[in-house]
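What follows is the residue order along each chain.
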Amino acid sequence: MKYSVTFLPDQITIELEAGKTLIQAANYAGIGIKSSCGSEGTCGRCKIRVIEGNYQYDNKFNCTLPKKHRDAGYVLACKTFVEDNIIVQIPTESRLEAHQVLMDDKVGILAETNISLLNGYNLNPLSKKIKLSMDAPNLTEIISDLSRLETELAKQFGIKNPKISLPVLSQMAENLRKGNWQVTLTLALNGKDYEIIRIDPGHDDKSCYGLAIDIGTTTVVVSLVDLENGRSIDKMGTYNRQAKLGDDVVSRMIHSSSEENGLQELQSLVIKTINELTSKLLEKHHLTSDEICIMVTSGNTTMTHLLLGLHPKYIRLEPYVPTATFAPIVKGKDLGLQMNPEGLVYSFPAVASYVGGDIVSGALVTKISNKEELTLFIDIGTNGEIVLGNQDWLISCACSAGPAFEGGGITHGTRAMKGAIERVEIDNETFEVKVNTIESGKAIGICGSGLIDCIAKMHQVGIIDRTGTFQDTESQRVQITHDDKLFVLVWKGESGIGKDVYISENDIKNIIRSKGAVFAGIQSLLKTLQLEIELIDKILIAGGFGNYLNIPDAVRLGLLPDLPLEKYEFVGNTSLKGAELALISQESWKQAENIGKMMTYLELSVGNLFMDEFMQALFLPHTDLRLFPSVELR
Ligand code: FES
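Given the structure is predicted, the values throughout are model-derived calculations rather than measurements.

Trainee: Mind laying out the overall build of the protein chain, listing which residues take part and the relevant values?
Mentor: Regarding its fold elements, the protein chain presents 17 helices and 29 strands. Over its C-alpha trace the protein chain gives a radius of gyration of 27 Å, about what one expects of a compact globule, namely 26 Å for 634 residues. For the protein chain, the spread of C-alpha atoms along the principal axes amounts to about 100 × 70 × 45 Å. Put simply, of all contacts in the protein chain between residues at least 6 apart along the chain, 68% involve residues at least 24 apart. Of the roughly 26400 Å² of accessible surface on the protein chain, 48% is carried by carbon and sulfur atoms. Counting 62 positive and 79 negative side-chain charges, the protein chain places the averaged centre of each group 2 Å from the other.

Trainee: Report on the environment of Pro349, specifying residues and quantitative values.
Mentor: Positionally, Pro349 belongs in the loop between strand E17 (344–347) and helix H11 (357–365). Excluding residues that lie within four positions of it along the chain, Pro349 makes contacts with Thr325, Phe326, Gly356, Gly357, Val360, Trp589, Ala592 and Glu593.

Trainee: For the sheet that holds strand E21 (residues 420–426), give the residues involved together with the corresponding values.
Mentor: An order of E22-E21-E23 is seen for the 3 strands of this open sheet, with the pairing classed as mixed. Looking at which strands have only one partner, the edges of the open sheet turn out to be strand E22 (433–437) and strand E23 (445–446). As paired strands, E21 and E23 are joined by 2 bridges and run parallel to one another. Its bridge partner lying in E23, Ile421 is registered against Ile446.

Trainee: Would you mind going over the packing of aromatic side chains in detail, with residue names and values included?
Mentor: Enumeration over the complete set of coordinates arrives at 5 aromatic pairs. Aromatic pair Tyr55 and Tyr57: ring centres 6.4 Å apart, planes at 90 degrees, arrangement edge-to-face. Centroid distance Phe610 to Phe614: 6.2 Å. Interplanar angle 15 degrees. Geometry classified as stacked. Note that Phe610 and Phe614 are positioned in helix H17 (residues 609–616) at a spacing of 4 residues, about one turn of the helix. An aromatic cluster is present here, built from Tyr346, Phe348 and Trp589 joined pairwise through their rings. We note Lys47 situated over the ring of Tyr74; from NZ or CZ to the ring centre the distance is 5.3 Å. One cation-aromatic arrangement involves Arg49 over Tyr74; the distance from NZ or CZ to the ring centre is 5.9 Å.

About the criteria used
Residues numbered from 1 in each chain as written. Predicted model: local features only at pLDDT ≥ 70, side-chain atom pairs only at ≥ 80, totals over all residues. Heavy atoms only, no water. Helix = DSSP H or I, 4+ residues; strand = E, 2+ residues; numbered from the N terminus. Rg over C-alpha atoms; globule rule 2.2 N^0.38 Å. Contact = heavy atoms within 4.5 Å. Areas by Shrake-Rupley, 256 points an atom, 1.4 Å probe, with all protein chains shown as cover. Lys, Arg positive; Asp, Glu negative; His and termini not counted. Charge placed at Lys NZ, Arg CZ, Asp CG, Glu CD. Pairing = 2+ DSSP bridges. Phe/Tyr/Trp six-rings, centres within 6.5 Å; stacked < 30°, edge-to-face > 60°. Lys NZ or Arg CZ within 6 Å of the ring centre and 35° of its normal.

Shown next as structure tokens:
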């Protein structure tokens, strides 16, 4: 039995089988609905309103919706089963809007060109074009076309034993003759040898292109790189379409195992996301997909598994083992990517289940493993990966900070995008607030840097105590609801969402747990190696904070170690930059493989060390104030 579901205000109607959920219906209709819990019925983000029609509802989860919403006809889309022709309305807050992704490439390493990034490596891309001229065969010298080409390739360029696939080989005879024995070959490094990906008749002067791709859990960014001069020509980013099936890696892993075809669904969504961006870039720059013969992807271990169609289910089950940390080089056609079907796809090596290729890529581009100085690299995101080391050794861990710094689980939390509050000032006496928002947009929420800033300032002026609990404060900005306390940052009239933008006591406790996890992760690495914090020469902070992170505030919060400011550097999202670097330098790719091999992984769930450290870090800034000598307490 089939029913129709109409979505308002889009006016899109689709037909589907009885018994499907409204979230599935929305997916078929191409409308993205938020789903932080992967349709488990626990996050409450997928709420939509049924205007007309009957449905079956799994009531058990109703508790995640406030009563006034239930009374107004709201349901959880993931727990509502279609049983009739139905009309629903999707509120703005439940929509997964496609939005512009901030490229945040104006800071630190991200602002450097690929050429300056090379610094120490040669421009020697993974794929290159070669112009080859041969003598035409004659009756006195009859060797096969392939032998002729191979002989000349070795003679003229020193390239021996090239690989060639059957589809390319089958075109070769014609192309050699069409070009009158002059051809342009596109080669890509495949293991130790080159593979001939393309044979074009004649000598063409077009450049050789590759794609560097950062596959983030939330966003995907594709950079089009001119391999001849090493420059990124353009880049585009968008939401990872997988987000509609859960917005963190765990809920996606659950989806891949709990739904029939769940893995294929997730794989095709990320491929769709990449292809969409690639198509736009190619169209804009008048290129065809056949011209893309190489792609380097960088993502966390789960993202890489999902891209390659490897099952991620054992990543989340003790003892947390991924299928592979070093993925094979595969062909574009194996994945259905918008590129030359014979082109090669490289995936950055991972270290363990929760320290993936994106971190190896970050370690590569920041050159931690090329330096003598002891560097601490921290990615302040959901997984909270931390790397410590130098040219001789590297150790890493993932402290599961949770999505709070990316705005997840925070009432008005948002990722770094236009209108996100990224800086907060609070007057000591009057508690009046001044905020800075990204690109000066009207305030729509608070991003990671804003949250850090806000809590540090609230503590400084005495609105909250060291545990994050609200104190008696004379300010109309402090409001008490039946189950929480709030501090209003931007009043309804001035905000971009038509309501007050505030931070609540629960939000603050959530951030304190996240910051506690990060600091405990750092301490666990140091203690495991019996190193003192002062020995760290450099601290690199990665994470999607937009353009700004106030380090002194992060120290005041107890998120980052109390070390001189000059030791700190904000490096932003380094995953993409590392992929760009690998694309244009074979040596740097080798180094990435070395990093993958040399980095040790510390499993924090083994033993009590991490838990002990975590409990101590649940204060502002810490239980042990000797660790934060420069932080003055009120
Ligand atoms: S409650 Fe429906 S997706 Fe989380």
